[in-house]
Amino acid sequence: MAGKISIIGQIAEVDRELQDRLRRYPRLVREGKMREEERVMLMDRMEAVRATLMFCRENEADIRAFIAAKKAGGA
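First, a word on what this report is: a plain description of the structure on this page. Computed from a prediction, not measured in an experiment: that's the story for all the values here.

**Quick look at the pattern of salt bridges**
Applying the stated rule across the entire model yields 12 salt bridges. With a closest N to O distance of 2.4 Å, R50 and D15 form a salt bridge. Placement of the pair is R50 in helix 2 (residues 36-58) and D15 in helix 1 (residues 7-30), with a sequence separation of 35 residues. A relative accessible area of 27% places D15 in the partly exposed class. The salt bridge involving K33 is made with E31; its shortest N-O contact spans 3.5 Å. The exposed category is assigned to K33, whose relative accessible area is 62%. What makes E31 partly exposed here is its relative accessible area of 41%. When salt bridges that share partners are traced, they join E13, R16, E17, D20, R21, R23 and R24 into one network.

Rules used throughout
- Every chain begins its residue count from 1, and numbering advances along the sequence as written.
- pLDDT decides what is reported in this predicted model: residues at 70 or higher carry local features, side-chain atom pairs at 80 or more are listed and counted, and totals for whole chains, interfaces and linings draw on all residues regardless.
- Only heavy atoms go into the side-chain values, all of them from the structure, while hydrogens and water stay out.
- Throughout this description, the term salt bridge denotes a Lys or Arg side-chain nitrogen within 4 Å of a carboxyl oxygen of Asp or Glu.
- Note on conventions: DSSP H or I runs of at least 4 residues are helices, E runs of at least 2 residues are strands, and numbering of each starts at the N terminus.
- Using a 1.4 Å probe on the protein chains alone, a residue whose accessible area is under 20% of its type maximum counts as buried, one over 50% counts as exposed, and one in between counts as partly exposed.

Written out as C-alpha cells, the structure reads:
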C-alpha cells in the first residue's frame, strides 16, 4: 500500500468511482448482468462511504482534539 492518503484524495477517488458507476451500472442493468436492486444497494453503499468521509473532513479538528484528549487521559 502507498503511504498515507489524504482525506481529500480519498473523497476524490470515491467521487471518481461514483461517476464511473453512474455510467456503467445502468448499462449492466439493461443487459441483465446486474439487478436494479443490486445497482441501488451498491450505489447507496458508495454514497455512504462518501458521506462518512465528508463527515470526517468537516469534523476533523474536533476528532483530532478528542483523540488527543483521550491519549492525554482527559476523555
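Moving on from the coordinates now.
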